[in-house]
Amino acid sequence: MRLIIGIVVVIASVLGGYAAIGGHMAVLFQPYEFVIILGAAIGAFIIGNTGPVLKQTLASLGTLFKGPRYNKAAYVELLGMQFTLFKLIQAKGVLAIEQHIENPRESTLFNRFPTFAGNHHAVEFVCDYMRMVTLGTNNVHEMEALMDEELETHHQERHRVVGAVQALADGTPALGIVAAVLGVIHTMGAISEPPEVLGHMIGGALVGTFFGVFVAYGFFAPFAQSLRNIYESEDKYFLSLKTGLLAHVAGNPPVMAIEFARKMLMSENRPTFAEVDAATAALPAAI
């Protein structure tokens, strides 16, 4: 809804303001200028990005409309999952989690927390590092360094989509100039036409510059910024997960480990200590 409202406001402000000063709307309809600009922009986008980035960019369109996938309830669930996992280890030993980490899709523990279970990367992250713990790894600093590298790679994979969309925004105004120049060249070929015809042709040519700047700064650049904000918000999910796991490996009890994890969350989504305490108290013990 936020995205749709923003798009409507941009279009209404620009075109409404133009119409209010007496502008002729028909002049702005220059379909071939639009084909030149958007077609060249799409072609350049394909040239400049790899196949995986192109696929991720298409997938990100849904992300733009839906916004961040994690809210306070999702973070309470994440903390509850970690608490349940750590309590199981505390009660029955680290080998008790083998059945869950080796077959996470069938795990009764993970499936209690559907938002977490639906994020394959988060599930894989937990299973990989807890498997290391079951194999005898207990060096917190080495594990943290490895986690940082993995999360940095995950960050780069998602943020290269942001960079691709931002590059599209940066290049579109120049492609608008290309379309405008082509329109001027076309106009110069009809220099013998009467002034009213030339005026219409020149106005049509200038629409290229207008359209390139309009879509770049009215849509593409805000899309890139919106994706950046969404991804940065969602990065906190993994930072919280990492912090909780490391706190557990360092020997902190479950209640303290998830308190470390809670502190990593942004204030607008961070549940209070009391909210987490109430949620974890209601959780049944894992088996």
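Keep in mind the model is a prediction, meaning the values are calculated, not measured. (Residues numbered from 1 in each chain as written. Predicted model: local features only at pLDDT ≥ 70, side-chain atom pairs only at ≥ 80, totals over all residues. Heavy atoms only, no water.)

### A few points about the side chain of Gln-82
Step number 1: In this fold, Gln-82 is placed in helix H5 (residues 72-92).
Step number 2: Looking at Gln-82, the relative accessible area reads 0%, which means it is buried.
Step number 3: Beyond its immediate chain neighbours, meaning those up to four positions away, Gln-82 contacts Ser-240, Leu-241, Gly-244, Leu-245, Ile-258 and Ala-261. (Helix = DSSP H or I, 4+ residues; strand = E, 2+ residues; numbered from the N terminus. Buried < 20%, exposed > 50% of the residue type's maximum accessible area, 1.4 Å probe, protein only. Contact = heavy atoms within 4.5 Å.)

### Here's the deal with the packing of helix H4 (residues 51-66) against helix H9 (residues 140-188)
Pairs of packed helices are described in terms of their axes, by the angle between the two and the distance that separates them.
Step number 1: In the contact formed by H4 and H9, the axes pass within 9 Å of each other and the chain directions differ by 80°. Between H4 and H9, the angle is such that the two are roughly perpendicular. Two secondary-structure elements touch here, H4 through Pro-52, Val-53, Gln-56, Thr-57 and Ser-60 and H9 through Glu-157, Arg-160, Val-161, Ala-164 and Val-165.
Step number 2: Per-class residue counts for the contact of H4 with H9 are five nonpolar, three polar and two charged. (Axes fitted to C-alpha atoms, helices over the stretch in contact; angles between N-to-C directions. Parallel < 35°, antiparallel > 145°, perpendicular 65-115°, else oblique. Nonpolar A, V, L, I, M, F, W, Y, C, P; charged D, E, K, R; others polar.)

### So, the packing of aromatic side chains
Step number 1: Here the structure, examined in full by the defined rule, presents eleven aromatic pairs.
Step number 2: Summarising the aromatic geometry, the rings of Tyr-75 and Tyr-237 are spaced 5.9 Å apart at their centres and angled 45° between planes, so their arrangement reads as tilted. Taken together, the positions of Tyr-75 in helix H5 and Tyr-237 in helix H10 (residues 195-249) put the pair 162 residues apart, joining distant regions of the chain.
Step number 3: Judged by its relative accessible area of 2%, Tyr-75 falls in the buried class.
Step number 4: Between Phe-125 and Tyr-129, the ring centres sit 4.9 Å apart and the planes meet at 55°, which makes this aromatic pair tilted. With Phe-125 and Tyr-129 both in helix H8 (residues 120-134) and four residues apart, the pair spans about one turn of that helix. (Phe/Tyr/Trp six-rings, centres within 6.5 Å; stacked < 30°, edge-to-face > 60°.)

### Some words on empty space enclosed by the protein
Step number 1: In this structure the tally under the stated criterion is one cavity of 30 Å³ or more.
Step number 2: Reported here for the largest cavity is a volume of approximately 40 Å³.
Step number 3: In this structure, the largest cavity is lined by Tyr-75, Ser-233, Lys-236, Leu-265, Met-266 and Asn-269.
Step number 4: Looking at the lining of the largest cavity, its residues break down into three nonpolar, two polar and one charged. (1 Å grid on protein atoms, 1.4 Å probe; cavity = no way out; pocket = protein on both sides within 12 Å on 5 of 7 lines; lining within 4 Å. Points joined across faces, edges and corners; volume = space filled by probe spheres on them.)

### Quick look at the layout of surface pockets
Step number 1: Quantified by volume, the largest pocket comes out at close to 520 Å³.
Step number 2: Along the walls of the largest pocket sit 19 residues, with Arg-69, His-154, Arg-158, Tyr-231 and Glu-234 positioned nearest its centre.
Step number 3: Breaking the lining of the largest pocket down by element, the ones donating at least two residues are H4, H8, H9 and H10.
Step number 4: Per-element tally for the lining of the largest pocket: the top contributor is H4, with five residues.
Step number 5: A breakdown of the residues in the lining of the largest pocket according to their chemical character gives five nonpolar, nine polar and five charged.
Step number 6: Of the voids in this model, the second largest pocket is the one considered here, and its volume is about 380 Å³.
Step number 7: Along its surface, the second largest pocket is lined by 15 residues, and Ile-42, Phe-45, Thr-57, Leu-168 and Phe-220 are the ones closest to its centre.
Step number 8: Counting only elements with at least two residues in the lining of the second largest pocket, the list comes to helix H3 (31-48), H4, H9 and H10.
Step number 9: In terms of residue class, the lining of the second largest pocket is built from 13 nonpolar, two polar and no charged.

### Concerning the UniProt feature "transmembrane region" (unreviewed entry) in the chain
Step number 1: The UniProt record annotates "transmembrane region" (unreviewed entry) at residues 29-48, 167-191 and 197-220.
Step number 2: Taken end to end, residues 29-48 has its terminal C-alpha atoms 29 Å apart, with 90% of it in helix and 0% in strand.
Step number 3: Overall, residues 167-191 shows 88% helix and 0% strand. The separation of its end C-alpha atoms is 37 Å. (UniProt positions renumbered as here; feature names shortened; annotations may be inferred.)

### Considerations on the pattern of salt bridges
Step number 1: In this structure the tally under the stated criterion is nine salt bridges.
Step number 2: Glu-234 is paired through a salt bridge with Arg-158; the nearest N and O atoms lie 2.9 Å apart. With a gap of 76 residues between them, Glu-234 in helix H10 and Arg-158 in helix H9 connect regions that are remote in the sequence.
Step number 3: We classify Glu-234 as buried; its relative accessible area is 4%.
Step number 4: Residues joined in a network through salt bridges with shared partners are Arg-69, Arg-158, Glu-234 and Asp-235. (Salt bridge = Lys/Arg side-chain N within 4 Å of Asp/Glu carboxyl O.)

### Some points on the environment of Glu-77
Step number 1: Mapped onto the elements, Glu-77 comes out in helix H5.
Step number 2: Linking Glu-77 and Arg-112, residues 35 residues apart in sequence, is a C-alpha distance of 9.2 Å.
Step number 3: Once residues within four sequence positions are removed from consideration, Glu-77 is found in contact with Phe-113, Pro-114, Thr-115 and Phe-116.

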